[in-house]
Amino acid sequence: MPRESDSVTIVGAGIVGITCAHYLEQAGFRVTVLDQGKVASACSMANCGYICPSHALPLTEPGAFRVAISSMFNRNSPFRVKPQLSPAVWKWMFQFAKRCTHEQMLAAGKPLQAILESSMSEYHQLISEFKLDCEWKEDGLLYVLQTQRGMDHFAATDKIIRDNFGIAAQRIDGDALPEFDSGLKPGLAGAYLYPGDTSVRPDKLNAALTFSLRSRGVRFVEGCELQSVRKEAGRVVALETSKGEFASDQFVFAFGAWASKWESALQCSIPVQPGKGYSVTMGRTANAPKHPILFPEHKVGVSPFDQGLRLGSMMEFAGYDRSIPDRRIQQLRDSARPYLVASVDGPAESKWFGWRPMTWDSLPIIGLAGDLRNAYLATGHNMLGLSLAPGTGRLIAEMMTGQKTHLPSEPYSPSRF
């Protein structure tokens, strides 16, 4: 266990950094969290809010690389690789392509499932113990298909998930869908409900956790840009930032999609590429669906909040592009329209983008950074940062205090690269 004087500085105040702060504070550390913007203002802010153990299958499924290549010629593809000359992008794509086999998909799925289930268990404890006001809802996640072809294709996916990961879904035929959720139009082919999934409003979750941490003495420093990492004798001793120097006994780098920019400073490979996603949030309208929903054929998610309706999707490998094209927001609306009774054309309360930290094997990066003895990485959570955050925070705290980790840590280790 840490001494009373032991301190840890976390770089990155997204949901992963926030949960790392929780478990480290619980372990007895004095915790400071730095962020170049505001707390949870990037990829953790306006995502769809799914906490989904049903997502045990990684992105490296057979055929995924072919889809990625064909997307280069279609700027409206929901999964798009923008043509670019970056060697890092093409190395990433090559490594991703090597893993797009059935065997590799199942192999990566096992450790992904383990940390998904760990995080779900931890969430139940967090919500119960700290009474977090975040619209926690245990309504499952509904995958809705428009066509019979889509239904047949998803049935094969569901069988893989059921047979290999033991995750069972409830099949709902199309004629029963409007009764099951009156927010869905008649005439759809059907759906699969994964009842073990939950949902939250992510900005409320982040705010509730941050409030709890501040009340327990965790310090958050916003608008604090990391400038350099000072090292001595195989250890990080201080961080130089736009708000001065921060010295500490231990360090956690949870900087999401920016991780690869710090490979040299942390003396290890961090192959993370930014995968850009979008969302639009409107006021809650009449006939909104009751369940959080994914539409696999259009690759769009719908999140009904108490006071809003959010549409989210897309995966663009376009570097650190900050634009929010109107056509992408319109694409979200147009993709959801065939399914929903509620209007999807209401005024946007917010339009948002976020860069997901994508790894080429679909697994997060959790553990010591290279040969540095007191610097830990907690990044590379792909599209599942919200779903994987508590399991990550617990692993980091266990590693830092020398405990046996509650999950085998090797699959997530930075040394695999």
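See the structure above.
Moving on to the overall build of the protein chain. Counting its regular elements, the protein chain contains 10 helices and 20 strands. Its C-alpha radius of gyration of 21 Å places the protein chain within 12% of the 22 Å reference for a compact globule of 417 residues. Judged by the C-alpha coordinates and their principal axes, the protein chain covers about 65 × 45 × 40 Å. Among the 417 residues that make up the protein chain, the fraction classed as buried is 58%. Here the protein chain displays about 17100 Å² of accessible surface, and carbon together with sulfur accounts for 51% of that area.

What follows covers the side chain of Ser199. Within the element layout of this structure, Ser199 appears in strand 8 (residues 198-199). The class for Ser199 is buried, based on a relative accessible area of 10%. With near-sequence residues (within four places) excluded, Ser199 lies in contact with Gly49, Ile51, Glu135, Trp136, Lys137 and Pro292.

Once that is clear, we can look at the packing of helix 1 (residues 15-26) against helix 10 (residues 385-400). If you want to describe how two helices pack, look at the angle between their axes and the distance between the axes. In the contact formed by helix 1 and helix 10, the axes pass within 8 Å of each other and the chain directions differ by 40 degrees. For the element pair helix 1 and helix 10, the recorded crossing hand is right-handed. Here Ile15, Val16, Thr19, Cys20, Tyr23 and Leu24 of helix 1 come into contact with helix 10, specifically with Gly385, Leu386, Ala389, Pro390, Thr392, Gly393, Arg394, Ile396, Ala397 and Met400. The residue makeup of the contact of helix 1 with helix 10, split by class, is 11 nonpolar, four polar and one charged.

Between the first and last C-alpha of helix 4 (residues 102-130) there are 41 Å, a value that for 29 residues agrees with the 42 Å anticipated at 1.5 Å per step. In helix 4, a bend of some 25 degrees at Gly109 exceeds every other bend along the element, and Pro111, a proline, comes one to four places later.

In spatial order, the strands read 9-2-1-13-20-19; together these six strands make up an open sheet with mixed pairing. The sheet is open, and its two borders are formed by strand 9 (219-221) and strand 19 (365-368), each paired with just one other strand. Strand-to-strand twist of the sheet, defined as the mean angle between neighbouring strand axes without regard to direction, takes the value 15 degrees. As defined by bridge partners, strand 13 (residues 250-253) adjoins strand 20 (residues 375-379) across three bridges and the pair is classed as parallel. Bridging across to strand 20, Phe253 finds its partner in Leu377. Those strands touched by helix 1 are strand 1 (7-11), strand 2 (30-34), strand 9, strand 13 and strand 20, and its axis lies near 170 degrees from that of strand 1.

We now examine the pattern of salt bridges. Counted by the stated rule, this structure contains 17 salt bridges. A salt bridge links Glu245 to Arg230; the shortest N-O distance between them is 2.7 Å. You can see Glu245 sitting in strand 12 (residues 244-247) and its partner Arg230 sitting in strand 10 (residues 226-232), a full 15 residues away along the chain. The exposure class of Arg230 is partly exposed, given its relative accessible area of 31%. Residue Glu398 pairs with Arg394 through a salt bridge whose shortest N-O separation is 2.9 Å. Of this pair, Glu398 and Arg394 are both found in helix 10, four residues apart, which corresponds to roughly one turn of the helix. Classification of Glu398 by relative accessible area gives buried; the value is 6%. One network of salt bridges, in which partners are shared, links Arg230, Glu232, Glu240 and Glu245.

Conventions used here
Residues numbered from 1 in each chain as written. Predicted model: local features only at pLDDT ≥ 70, side-chain atom pairs only at ≥ 80, totals over all residues. Heavy atoms only, no water. Helix = DSSP H or I, 4+ residues; strand = E, 2+ residues; numbered from the N terminus. Rg over C-alpha atoms; globule rule 2.2 N^0.38 Å. Buried < 20%, exposed > 50% of the residue type's maximum accessible area, 1.4 Å probe, protein only. Areas by Shrake-Rupley, 256 points an atom, 1.4 Å probe, with all protein chains shown as cover. Contact = heavy atoms within 4.5 Å. Axes fitted to C-alpha atoms, helices over the stretch in contact; angles between N-to-C directions. Left-handed = near helix turned anticlockwise from the far one by under 90°. Nonpolar A, V, L, I, M, F, W, Y, C, P; charged D, E, K, R; others polar. Expected span 1.5 Å × (residues − 1). Bend = angle between axes of the 7 residues up to and from the residue. Pairing = 2+ DSSP bridges. Salt bridge = Lys/Arg side-chain N within 4 Å of Asp/Glu carboxyl O.

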